[in-house]
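# Structure at a glance
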Amino acid sequence: MLLAKDCKKVDCNIAEVIDDYHGLIKVVADTRNEFEIYEKKALKISEFQEYKTTVSRKRKRKLHADESRDGDVQLSGRDHFRVNTFNVILDNLNSELRKRCAAYEKIQEKFSVITEFGNLDNREIRKRAESLTNLYSSDLEPSLDDEFVHFHAYCTEKMIEQNSPSDLLKLLHANDLYTEFPNVEIAYRIFMTLAVTNCSAERSFSCLKRVKNFLRSTMTANRLNSLAILCIESDVPQRLDCEDLIDQFAIQKVRRVCL
């Protein structure tokens, strides 16, 4: 899927993912009205050319004393599949895509000073930069709004038309502007390093073969996860001082009473 490939790019950011989600939502909505096209494709590769409800005997529901069959609608096998299977799957998919897209849009709204940088005036830049500073008070200084206004004036003076976050971050580093706009550069780095995937991390099966063998068949999930992380991030444990860790462990577990 195109969305999955875009999310794996190094310079992918939330703004691009939201645009991809909007396109995918539109594709799913258009697909709902193209049942005939997908039906023809399915019939070409399927050995069955008739719907099950078409060849099977229809069951009649037992009526209660105060009911009648005047309002009952009898759907054909084709219509039954389209209404109760095809449309239901697409509607559920559309709903899940919109839910995920809304979560991304909520995060993007906090960084609107970056995503809408080229379309804002100085007043809006200061307002949104102040909001971002309050959100990341430990990383950004109160002078962020002044730096963004200055950076906006610089881009306007240089007639820079590329307003994507990745291009502007490259511009800051290519021209050594991060010394002049340090907080702007930090804000862009925070935005560019936000995770754009919402699926859980997959285990490395190559590492699992070394971690869990026939001698560890009764290992619980918590210990397996911890050992897998140690094996995957092996470069970090190798830099640790084992003697210091042993001393700390011995101090915590010592039971001898000091006389």
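Preceding this paragraph is the structure being described.
Here is a short report on the structure shown in this document. Given the structure is predicted, the values throughout are model-derived calculations rather than measurements.

Moving on, we come to the overall build of the chain. Looking only at helices and strands, one finds 14 helices and 0 strands in the chain. Listed N to C, the secondary structure of the chain is α-α-α-α-α-α-α-α-α-α-α-α-α-α in terms of helices and strands. Across the 259 residues in the chain, those meeting the buried criterion constitute 26%.

On to the packing of aromatic side chains. Scanning the model with the defined rule gives 11 aromatic pairs in all. For the ring pair Phe 111 and Tyr 136, a centre distance of 5.8 Å and an interplane angle of 45° mean the geometry is tilted. A residue pair is termed long-range when its members are at least 10 positions apart, and Phe 111 in the loop between α5 (77-110) and α6 (112-115) and Tyr 136 in the loop between α7 (122-135) and α8 (144-157) qualify at 25 residues. With 6.1 Å between their ring centres and 45° between their planes, Phe 148 and Tyr 188 make a pair best called tilted. Here Phe 148, found in helix α8, pairs with Tyr 188, found in helix α10 (residues 182-192); they are 40 residues apart in sequence, far enough to count as distant. Here a set of aromatic residues connected by ring pairs shows up, and it is made of Phe 117, Phe 148, Phe 151, Phe 181 and Tyr 188. A cation over a ring is seen here: Lys 41 above Tyr 38, with NZ or CZ 5.4 Å from the ring centre.

With that settled, consider α5. The terminal C-alpha atoms of α5 lie 49 Å apart, and with 34 residues this matches the ideal 50 Å at 1.5 Å per residue to within 8%. At Asn 87, α5 shows its largest bend, some 30°. Here α5 has its buried residues at Gly 77, Phe 86, Asn 87, Leu 90, Asn 94, Leu 97, Cys 101, Tyr 104 and Gln 108.

Here we come to the nonpolar core. Counting 27 residues, the largest nonpolar core has Ile 114, Leu 144, Phe 148, Phe 151, Leu 172, Val 184 and Tyr 188 as the members making the most contacts within it. When residues of this core are traced back to their parent elements, those giving at least two are α6, α7, α8, α9 (165-174) and α10. Looking at this core element by element, the count peaks at 6 residues for α10. What Tyr 188 contacts, discounting residues up to four positions off in sequence, is Ile 114, Phe 117, Phe 148, Phe 151, Pro 165, Leu 168, Leu 169 and Leu 172. By size, the runner-up hydrophobic cluster in this structure holds 15 residues, among which are Ile 14, Phe 86, Cys 101 and Tyr 104.

This part takes up the side chain of Thr 133. Within the element layout of this structure, Thr 133 appears in helix α7. The exposure class of Thr 133 is buried, given its relative accessible area of 9%. In this structure the side chain of Thr 133 is engaged in a polar contact, spanning 2.8 Å, whose partner is the backbone oxygen of Ala 129. If we skip the residues at most four places from it in the chain, Thr 133 touches Leu 140, Glu 141, Pro 142 and Leu 144.

Before going further, it helps to examine the pattern of salt bridges. Summed over all chains, the structure comprises 13 salt bridges. In this structure, Arg 78 and Glu 36 form a salt bridge, with 3.6 Å as the shortest nitrogen-oxygen distance. Remark: Glu 36 occurs in helix α3 (residues 35-45) and Arg 78 occurs in helix α5; sequence separation between them is 42 residues. Look at Arg 78 and you get partly exposed, because its relative accessible area is 27%. Across the pair Arg 128 and Glu 116 runs a salt bridge whose closest N-O atoms are separated by 2.8 Å. On the criterion of sequence distance, the pair formed by Arg 128 in helix α7 and Glu 116 in the loop between α6 and α7 is long-range, its members being 12 residues apart. Taking relative accessible area as the criterion, Glu 116 reaches 36% and is therefore assigned partly exposed. Ionic contacts of the salt-bridge type, sharing partners, join the residues Glu 36, Glu 39 and Arg 78 into one network.

Conventions adopted
- Sequence order sets the numbering: in each chain, residues are counted from 1 along the sequence as written.
- The model is predicted, so local features are restricted to residues of pLDDT at least 70 and side-chain atom pairs to those at 80 or more, both for listing and for counting; the totals for chains, interfaces and linings are taken over all residues.
- Hydrogens and waters are ignored; side-chain quantities use all the structure's heavy atoms.
- A run of H or I in DSSP becomes a helix once it reaches four residues, and a run of E becomes a strand once it reaches two; helices and strands are each numbered from the N terminus.
- Between buried and exposed lies partly exposed: a residue is buried under 20% and exposed over 50% of the maximum accessible area for its type, with that area taken using a 1.4 Å probe on protein chains only.
- Pairing of aromatic rings covers Phe, Tyr and Trp, the last counted by its six-membered ring, and requires centre-to-centre distances within 6.5 Å; plane angles under 30 degrees mean stacked, over 60 mean edge-to-face, and any other angle means tilted.
- Placement of a positive charge over a ring is assigned whenever Lys NZ or Arg CZ falls within 6 Å of the ring centre and within 35 degrees of the normal to the ring plane.
- Take the number of residues in a helix, subtract one, and multiply by 1.5 Å to get its expected span.
- Bend is the name given here to the angle between axes fitted to two runs of seven residues, the run ending at a residue and the run starting at it.
- In plain words, nonpolar cores are sets of buried Ala, Val, Leu, Ile, Met, Phe, Trp, Tyr and Cys residues tied together by side-chain atoms within 4.5 Å.
- Only heavy atoms matter for contacts: two residues are in contact if any of them lie within 4.5 Å across the pair.
- As used in this structure description, the phrase polar contact means that two N or O atoms lie within 3.5 Å; if the pair is within protein, one of them must be able to donate a hydrogen and the other to accept it, and residues adjacent in sequence are counted only when both atoms belong to side chains.
- Whenever Lys or Arg places a side-chain nitrogen within 4 Å of a carboxyl oxygen from Asp or Glu, that contact is recorded as a salt bridge.

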